[in-house]
Amino acid sequence: MSENANSRGQRRKELERQKKSKKTSKTGWIKRILVACILIGLAGMIFGGGLFAFYASSAPALDEESLRDPITSEFYDINNKIFATTGSEKRDYINYKDIPKDLEEAILATEDVRFYKHNGIDFFRLGGAVLANITNGFGSQGASTITQQVIKNSFLQNEKTLKRKAQEAYLAYQLEQVYEKEEIFEMYFNKVLMSGTTYGFGTAASRFYGKDLKDLQLNEMAVLAGIPQSPNNYNPFIHPEAAEKRRNIVLLLMEQHGKITKKEMKEQQAIPISEGLLPEEKRQVTTDNKFDAFVELVKKELVAKGEDDAIDYGIKVYTTLDPQAQTSVENALSSENFPTENMQAGMTVLDTKTGAIVAIGGGRDFDFGTNYATQKDRAIGSTVKPILDYGPAIESLDWSTGHTIVDEKMNYTGKDIQINNFDGKYLGEMTIREALYRSRNVPAVKTFQEVDQGSRKEFVNKLGITGDYLDFEAAAIGATEDISSMELAASYAAFGNAGIYSEPYSIREIVYRDGETKKTFKPKSTPAMKDSTAYMITDMLRDVVSDRSGATGRAANVSGLDVAGKTGTTNYSDDEYQKYNLKDGSAPDIWFAGYTSNYSIAVWTGYHERKDAIDTTNENERNFAQRLFKQVMTNVSQGKETPTFKRPNSVIEATIEVGTSPLRLASEFTPNELKRTELFVRGTEPKQISDEYEQVEVEAPTKLKADYSLGDQTVTLSWKHKAPKRRDKEFDVAFEVSITVDGGSPTVLQTTSQKGLIVTGIEPGTSYTFTVVAIAENITSAPANTTLVIDAVEESEDEEEDKDKDKDKDKDKDDDSVPPPGDGTDPPPDDGTDPPPGDGTDPPDDGTVPPPGDGTDPPPVEDPDYFTPDE
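Quick caveat, the model's predicted, so the values are computed rather than measured.

Further remarks concern the overall build of the chain. Of regular secondary structure, the chain possesses 23 helices and 29 strands. Looking at the chain residue by residue over its 871 residues, the buried ones come to 50%. When contacts within the chain are restricted to residue pairs at least 6 apart in sequence, those whose partners lie at least 24 apart make up 69%. About 43200 Å² of surface is accessible on the chain, with carbon and sulfur atoms providing 48% of the total.

What follows is the structure, given as structure tokens:
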């Protein structure tokens, strides 16, 4: 027992010893970790301090002029010449004492609520930003104070790097040691970008509201205070909805920081954003730069690329602008060229191969109002048909340009809504080529229905166009959204570039203030479709601008250039016709998009307000978009070689018979009006020849008669013939009449459409064989022959003497004269058996045998023809 008790006691002591050992071990590890963290922290602080000191040592010096004036950014064209600058525009400079207190409170509540409490760096705000950056990635949230923003906008580049942040913090602290808070706030207030070329709150108040600062209402101050975070996106003229949301956030922040009451906040938030804004007709141009529409486009692209603040830092922007093309566009959009007083237009011109935007027309005498080249709230009409209908069908289904489709009455699927063509007619069976150049709507919708939704969307998306509306049948004929002239021109350019799509762009490169840091913006080109699809669509669109009957784009054709293009017209609803009291033929939008191998141009025409309509019954208004296209395309192409579109090896031509299903090659008997030379993807062309039409059988004339008149010395020929038919269509027949004299060689007397001929100058004592053949569809029948032997007549001496006297009387007459035919009476009327001979045409004049009559007017159709054989 005692041994067992000792054993248990020993085991307990051993367990206690092990527990104590483990506890000591755990505590040791914790101490080690804490020591390591402290050491790492110290090392980090030392390293961070050193790095901060290193970066701070290379910071630029504070400069009074740079602090108070915006830095100029420069814009260069394709020739690397400056065409515009920003930052040097006229500004309304405001002293701190003249800044309304409510506006200062709105700015501080939004940008830097602790401005008057920190020394240039807000460590509380910095902590929140650090946490956000750890969670969401570096640069996801900024912590810049107003002081830091002044430094950034005056001396540093717009880049999210540790170096810039370190220099910004260092210089902000230095700035606070030199200048009073009110002076720093005044600097910020006057130099911050407020959209476009507008700098400073004082200038913005004048531009947006036409007021001095002291006259602004609280809600208007909130609008201005919200702009600096994203100047172009919160421009109330261009983006009123976004500006209103931002204003309401500013008002909410003011209420949260005790600057206004909740009641005041709600009252101000309820005011429409448009209230107080200057109407468009009173807005003033804020720059003397050339090509303002292009400058605006470049700024939008900077925003889209995340460089929206870059212009504040004195960058150089190398653009794709071609000054010759831009001048041509602006000349075309001069007011004097427009058919009506208030009509508007917008256009984009870009390089077919690269997508580089060489010119843009923002509107009629553009001055920073609505940019109609980049607007997306107008449907594009039938210009969508190559993109959404026929392109996908050729790409996915290997349709040929000769694929047959029927233009007939039909409704949208599952709806009691009829699809109408612009002329209210339905033309029946036709090729998709004809359907496209005639811009028929029913064939377009039918083609849309044939392609599965996935394939269609993939095709369209590759051309830079997206949207849920693409699934609806009405989109097939132009009921589209969110497509600008820029995007339309880029989509069409892919057809002219062997199926390669290039995203449109206006910036080649930007160079920052240090002259070394650069960013290139040219996007990569990507295959959007097969080269066969691109060429076949292009070839179909050539016919749109051709002189083909029914072609809708003739006015856009440019002589000497290989042009392809498409018209587009949108419609009003029945409700809109009543609401706006519109007349028949009214249209809200008319488009034209077209291209050569060098340039792609898309043009929109219409009015600022939808209630104002284009009169499509007026040719000047209806074709204005086409004329603008032609004028600009002609000018930009001068002096440049424009290659024609080349058919790729993947495409083959074949002459088919329209109406065959599946398509078959035309036979030698296919009527000419049913023959079409169309394009096929190589390997899909038809191999079989159509047997729909057989050779026309032309029967020989029957009951050929030759009646001799001794007194007139004429022979009247007459015959019967049954015209050939095919499918109840009777072909035109011509009859070739020949004569053989005394067994000699046959001579063709005449070809006539009549069933008879009068031959004059018949001499007694001669044998005549007459031959008649029928000719139809280039097929000649077997001959019908008849022979007439005229016996010689013996004359008495008195008759011979009289004959000699008659000859003496006629010796001064023309030896080639033809005695009057006939006996003075009309040939017998048609009794249903023997048709009247003669076709009323003149016989061939060979200098020996003159035609009857006066040589110009043929005898009436009911009379037989006349012919005098050679003597």
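Moving on, we get to the pattern of salt bridges. The tally for this structure, following the rule as stated, stands at 33 salt bridges. We note a salt bridge from Glu296 to Lys300, for which the minimum N-O separation is 3.9 Å. Residue Glu296 and its partner Lys300 are located together in helix α12 (residues 292–304), separated by four residues, close to a single helical turn. Since its relative accessible area comes to 32%, Lys300 is described here as partly exposed. Note that Lys446 and Glu408 form a salt bridge whose closest N and O atoms lie 2.6 Å from each other. You can see Lys446 sitting in helix α16 (residues 441–450) and its partner Glu408 sitting in the loop between β6 (404–407) and β7 (428–431), a full 38 residues away along the chain. Judged by its relative accessible area of 16%, Lys446 falls in the buried class. The class of Glu408 is partly exposed, set by a relative accessible area of 37%. Each member of the salt-bridge network shares a partner with another, and the members are Arg433, Asp539, Arg542, Asp543, Arg548, Asp562 and Glu678.

One finds Leu463 and Leu488 to be the most contacted residues of the largest nonpolar core, which totals 88 residues. Among the elements that make up this core, the one with the highest residue count is helix α18 (residues 485–496) (eight residues). Look past the residues within four positions of Leu463 in its chain and what remains in contact with it is Ile387, Ser491, Ala494, Phe495, Tyr501, Ala528 and Met529. With 47 residues, the next largest nonpolar core counts Leu171, Leu175, Met221 and Met265 among its residues.

Okay, the packing of aromatic side chains next. In the structure shown here, the tally under the stated rule is 21 aromatic pairs. Between Phe338 and Phe624 the ring centres are 4.9 Å apart and the planes differ by 55°, which places this aromatic pair in the tilted class. Taken as a pair, Phe338 in the loop between α13 (323–332) and β4 (344–351) and Phe624 in helix α22 (residues 624–637) lie far apart in primary sequence, 286 residues in all. Here Phe338 matches Phe624 in class, with each residue buried. Summarising the aromatic geometry, the rings of Tyr572 and Tyr577 are spaced 6.0 Å apart at their centres and angled 75° between planes, so their arrangement reads as edge-to-face. Ring-pair connections join several aromatic residues into one group, and the members of that group are Tyr96, Phe115, Tyr116, Phe185, Tyr188, Phe189 and Phe201. Sitting above the plane of the Phe338 ring, Arg364 keeps its charged end 4.4 Å from the centroid.

Let us now look at the sheet that holds strand β2 (residues 82–86). Overall, mixed pairing links the five strands, which are arranged β2-β1-β3-β9-β10 in an open sheet. Edge strands, defined here as strands with exactly one partner in the open sheet, are β2 and β10 (518–520). With direction set aside, neighbouring strand axes in the sheet form an average angle of 15°. Relative to strand β3 (residues 316–319), strand β1 (residues 73–76) runs parallel, the two sharing three bridges. From the neighbouring strand, Glu74 faces β3, where its bridge partner is Lys316.

To continue, consider the sheet that holds strand β14 (residues 589–595). If you trace the five strands from one edge of the open sheet to the other, you get β5-β4-β15-β14-β12, paired in antiparallel fashion. Since the sheet does not close on itself, it has two edges, and those belong to β5 (357–361) and β12 (564–569), each with one partner. In this sheet, adjacent strand axes meet at a mean angle of 5° when their direction is disregarded. Alignment of β14 against strand β15 (residues 599–606), held across seven bridges, turns out to be antiparallel. Of the residues in β15, the one forming a bridge with Ala593 is Ala602. Strands in contact with α13 are β4 and β5; relative to β5, the strand with the most contacts, it is inclined by about 15°.

Turning to its location among the elements, Val451 is positioned in the loop between α16 and α17 (453–461). Under the relative-accessibility criterion, Val451 is labelled buried at 5%. Placed 58 residues apart in sequence, Val451 and Ala393 show a C-alpha to C-alpha distance of 6.0 Å. Each residue touching Val451, except ones within four places of it in the same chain, is listed here: Pro392, Ala393, Ser396, Leu397 and Arg456.

On to the packing of α13 against α22. Viewed as axis vectors pointing N to C, α13 and α22 meet at an angle of 155°, and their least axial separation amounts to 9 Å. Between α13 and α22, the angle falls in the class roughly antiparallel. Considering the relative orientation of α13 and α22, their crossing is right-handed. Note on element contacts: α22 touches α13 through Leu628, Gln631, Val632, Asn635 and Val636, opposite Gln324, Ala325, Ser328, Val329, Asn331 and Ala332. When the residues that make up the contact of α13 with α22 are grouped by side-chain class, the tally is six nonpolar, five polar and no charged.

For α12, which comprises 13 residues, the first-to-last C-alpha distance of 19 Å matches the rise-based estimate of 18 Å (1.5 Å per residue) to within 8%. Where burial is concerned, most of α12 is hidden: eleven out of the 13 residues are buried. Those residues of α12 not exposed but buried are Asp292, Ala293, Phe294, Val295, Glu296, Leu297, Val298, Lys299, Glu301, Leu302 and Val303. Just downstream of α12 lies Gly306, where phi reads positive at about 80°.

Turning our attention to the side chain of Gln375. Mapping Gln375 onto the fold places it in the loop between β5 and α14 (385–397). Excluding residues that lie within four positions of it along the chain, Gln375 makes contacts with Thr370, Ile483, Ser484 and Trp604.

Counting buried positions along β4 gives seven out of eight residues, so the element sits mostly inside the fold. Relative to β15, β4 runs antiparallel, the two sharing eight bridges. Residue Thr348 lies in a different strand from β15, and its bridge partner there is Ala602. Strand direction decides the pairing type here: β4 and β5, joined by four bridges, are antiparallel. By the bridge assignment for β5, Val349 is matched with Ala359. In this antiparallel pair of consecutive strands, β4 and β5, the connection spans five residues, and Gly355 shows a positive phi of 85°.

The next point concerns the packing of helix α3 (residues 101–111) against helix α7 (residues 181–191). Where α3 contacts α7, the two axes come as close as 12 Å, and the packing angle between them is 90°. In terms of their interaxial angle, α3 and α7 are classed as roughly perpendicular. Contact residues: α3 offers Leu103, Glu104, Ile107, Leu108 and Glu111, while α7 offers Phe185, Tyr188 and Phe189. Each residue belonging to the contact of α3 with α7 can be placed in one class, and the counts come to six nonpolar, no polar and two charged.

Inspection of the secondary structure assignment puts Pro671 in the loop between β17 (651–657) and β18 (675–681). Separated by 106 residues in the primary sequence, Pro671 and Glu777 place their C-alpha atoms 9.0 Å from one another. Those residues in contact with Pro671, other than ones at most four positions away along the chain, are Tyr693 and Arg726.

A word on the pairing of strand β20 (residues 714–720). Burial within β20 is extensive, with six of its seven residues counted as buried. Where strand β19 (residues 702–709) and β20 come together, six bridges link them in antiparallel fashion. Each bridged residue has a counterpart across the sheet, and for Ser709 the counterpart in β20 is Thr714. Between β19 and the antiparallel strand that follows it, β20, lie four residues; Gln713 among them carries a positive phi value of about 55°. Direction of pairing for β20 relative to strand β25 (residues 756–760): antiparallel, over a ladder of five bridges.

As a further point, take the confidence of the model for the chain. Model confidence for the chain is summarised by a mean pLDDT of 83, while 78% of its residues fall at 70 or above. Overall, residues 129–142 carries pLDDT values under 50, and its contacts beyond four positions in sequence, including any with other chains, amount to 16 contacts. For the stretch residues 809–871, pLDDT sits under 50, and the model shows 109 contacts to residues farther than four places along the chain or on other chains.

What counts and what doesn't
- Residues numbered from 1 in each chain as written.
- Predicted model: local features only at pLDDT ≥ 70, side-chain atom pairs only at ≥ 80, totals over all residues.
- Heavy atoms only, no water.
- Helix = DSSP H or I, 4+ residues; strand = E, 2+ residues; numbered from the N terminus.
- Buried < 20%, exposed > 50% of the residue type's maximum accessible area, 1.4 Å probe, protein only.
- Contact = heavy atoms within 4.5 Å.
- Areas by Shrake-Rupley, 256 points an atom, 1.4 Å probe, with all protein chains shown as cover.
- Salt bridge = Lys/Arg side-chain N within 4 Å of Asp/Glu carboxyl O.
- Core = buried A, V, L, I, M, F, W, Y, C linked by side-chain atoms within 4.5 Å.
- Phe/Tyr/Trp six-rings, centres within 6.5 Å; stacked < 30°, edge-to-face > 60°.
- Lys NZ or Arg CZ within 6 Å of the ring centre and 35° of its normal.
- Pairing = 2+ DSSP bridges.
- Axes fitted to C-alpha atoms, helices over the stretch in contact; angles between N-to-C directions.
- Parallel < 35°, antiparallel > 145°, perpendicular 65-115°, else oblique.
- Left-handed = near helix turned anticlockwise from the far one by under 90°.
- Nonpolar A, V, L, I, M, F, W, Y, C, P; charged D, E, K, R; others polar.
- Expected span 1.5 Å × (residues − 1).
- pLDDT = per-residue confidence, 0-100.

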